[in-house]
Amino acid sequence: MTCTAWEQERDWATIRPFVYYQLENFVAGDLVAGRDVVDFSAGLGDLSEYVATLGPKSLTATAHHPEVERPERLPDDAAWVAGVGAQDITERLAPDSADLILARMVIQFPTMEHDTVDVDDILSQMSTVLRPGGTVVVSTHAYFDLPGGDTVADDLDGYLLETREEAARLVESDDPIVRRIGEDTLGRVDLVRYLGLPPREGPFGATGFGLKVPMLLQSFFRSGYRVDLVEDLEPFTYPYHLGDRSGDAINALGAEFMERKRQAFTSPEYQDAYRRPAVLRRVLEDLRSLTAVTCVPIVRVVATRPVEGFNEG
Ligand SMILES: C[S@@+](CC[C@H](N)C(=O)[O-])C[C@H]1O[C@@H](n2cnc3c(N)ncnc32)[C@H](O)[C@@H]1O
């Protein structure tokens, strides 16, 4: 079988620095130090590279397809296991073998890969791989919709094309609010087509994308986890119009995005949930002064596999 990795098909190395930060704000050092850690669907290996600096006891990075090559950025002493699809987690990773599983921007994708597995199944398999008392940290696109998705789309490509055409008409409007809705919608359609994000049914039966947070939490509860934290992490900032910049200029701009986000997300102000929205608004204004981005929410959940008997009574 020949297949190309998700990352190669999308030139992810170029786009990834634009869309999210998710390093210090994704996993804290005290969860990692001295623990057996799995980075599930590790992508380019940049999260593993960071986690290795936090002193894990061991680090294992995985990829979906068996043919995917070990990422260059993966530290030498990290184990590499390719061929861990969302439905094969418990087949490829031993039960009770990990203290911490990281799944950064992964669990919203599997339904598009013709796997029958969905979020409940992924979380319950991860619970089997975790030792009692072990932790899972996930982040995902939180549900967002597109104007015009009043019914669940059977023909996704047709629906996206039609929505894009309608949005292009709005962009021509004299009304700045209508123009803004048009531009945001164009950006969202391009984001969905770029990522290959599978459609999800919205709370009122319309077509949208990303996971609905109440359903996501239900999935954690059904799989027996104790949910420790749920938060709006940062906006997913998709650069829908990079203009005619060269490859080098785009890479430099991506590095600038990462640096500006690092400064904001490691600031003491950002650690305070009540002050965070103002930080995020400023970051967004700042990034938009560099290039056009559309943004959708990212949610992060931290949950623990309870130690048996610990929570009883
Ligand atoms: C947005 S990328 C995130 C990659 C990496 N975790 C990161 O943050 O850079 C989405 C990842 O989900 C993986 N993925 C999609 N469907 C999957 C499936 N059925 N099983 C396992 N991984 C899957 C893709 O291979 C890709 O690596």
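As the structure is a computational prediction, the values presented were derived from the model and not from experiment. (Residues numbered from 1 in each chain as written. Predicted model: local features only at pLDDT ≥ 70, side-chain atom pairs only at ≥ 80, totals over all residues.)

**Q** Now, about the pairing of strand β2 (residues 58-63): what can you tell me, with residues and values included?
**A** The buried fraction of β2 amounts to five of the six residues, a majority that puts the element mostly inside the structure. Taking the sense of rotation as the criterion, the β-α-β connection linking strand β1 (residues 36-39), helix α4 (residues 46-52) and β2 turns out right-handed. In the sheet, β2 pairs with strand β3 (residues 79-82) via four bridges, with the strands oriented parallel. If you follow Ala63 over to β3, its bridge partner there is Ala82. (Buried ≥ 20, exposed ≤ 12 C-beta atoms within 10 Å, placed from the backbone. Helix = DSSP H or I, 4+ residues; strand = E, 2+ residues; numbered from the N terminus. Right-handed = clockwise from strand over helix to strand, strands pointing away. Pairing = 2+ DSSP bridges.)

**Q** Give a description of the sheet that holds strand β5 (residues 130-141) that names residues and reports values.
**A** Whenever strands of a sheet pair, they do so through backbone hydrogen bonds, lying parallel or antiparallel. The strand order across the open sheet formed by seven strands is β3-β2-β1-β4-β5-β10-β9, and the pairing between neighbours is mixed. Both edges of this open sheet fall to β3 and β9 (226-241), since each of them pairs with a single strand only. Strand-to-strand twist of the sheet, defined as the mean angle between neighbouring strand axes without regard to direction, takes the value 15°. Of the strand pairs in this sheet, β1 and β2 are connected by four bridges, and their pairing is parallel. Bridge pairing links Asp39 to Ala61 in β2. (Axes fitted to C-alpha atoms, helices over the stretch in contact; angles between N-to-C directions.)

**Q** If you had to explain the sheet that holds strand β7 (residues 199-201) to someone new, which residues and values would you point to?
**A** Spatial ordering of the open sheet is given by β6-β8-β7, a layout of three strands whose pairing is antiparallel. Of all the strands in the sheet, the pair left with one neighbour each is β6 (144-145) and β7. Pairing between β7 and strand β8 (residues 207-209): three bridges, direction antiparallel. Counted as the bridge partner of Glu201 is Thr207 from β8.

**Q** Got a sec to walk through the domain arrangement of the protein? Specific residues and values, please.
**A** The assigned domain composition of the protein is domain 1 (6-143 + 210-242 + 292-304) and domain 2 (146-196). Relative placement of domain 1 and domain 2: their C-alpha centres are 29 Å apart. Every contact between the two is made by six residues of domain 1 and, on the other side, eight residues of domain 2. Those elements that provide at least two residues to the side of domain 1 that touches domain 2 are β9 and β10 (292-304). Class assignment for the residues of the side of domain 1 that touches domain 2 results in four nonpolar, one polar and one charged. (Domains from an automatic or database assignment. Contact = placed C-beta atoms within 7 Å. Nonpolar A, V, L, I, M, F, W, Y, C, P; charged D, E, K, R; others polar.)

**Q** Tell me what's going on with the site of the ligand, and back it up with residues and numbers.
**A** Close to the ligand lie 18 residues, the nearest being Trp6, Gly43, His64, Ala86 and Pro110. Residues belonging to the shell around the ligand are distributed by class as follows: nine nonpolar, four polar and five charged. (Near = placed C-beta within 6 Å.)

**Q** Outline the environment of Ile101, supporting the account with residue identities and numerical values.
**A** Secondary-structure assignment places Ile101 in strand β4 (residues 98-104). Spatially, the C-alpha atom of Ile101 lies 7.4 Å from that of Met126, the residues being 25 residues apart in sequence.

**Q** Quick one: what's the story with the nonpolar core, residue by residue and with numbers?
**A** One broad rule of soluble globular proteins: the nonpolar side chains tend to lie buried together. Core analysis: the biggest nonpolar cluster contains 73 residues, and Val37, Ile101, Leu102, Ala103, Met126 and Val136 have the highest contact counts within it. If you count residues domain by domain, this core takes at least three from each of domain 1 (6-143 + 210-242 + 292-304) and domain 2 (146-196). Excluding its chain neighbours within four sequence positions, the residues that come into contact with Met126 are Ile89, Ile101 and Val136. (Core = buried A, V, L, I, M, F, W, Y, C linked by C-beta atoms within 7 Å.)

**Q** So what about helix α10 (residues 247-265)? Which residues, and what values?
**A** An α-helix turns once every 3.6 residues. As a result, residues three or four positions apart point the same way. With 19 residues, α10 ought to run about 27 Å at 1.5 Å a step, and its terminal C-alpha atoms sit 27 Å apart, in line with that. For α10, the full list of buried residues reads Gly254, Phe257, Lys261, Ala264 and Phe265. Down the axis, α10 shows its buried residues gathered within 95° of arc, on one side only. With respect to the buried face of α10, the exposed residues turned more than 90 degrees away are Asp248, Ala249, Ala252, Ala255, Glu259 and Gln263. Buried residues in α10 make contact with α2 (12-19), β9, α11 (268-271) and α12 (276-288). (Expected span 1.5 Å × (residues − 1). Arc of directions from axis to C-beta.)

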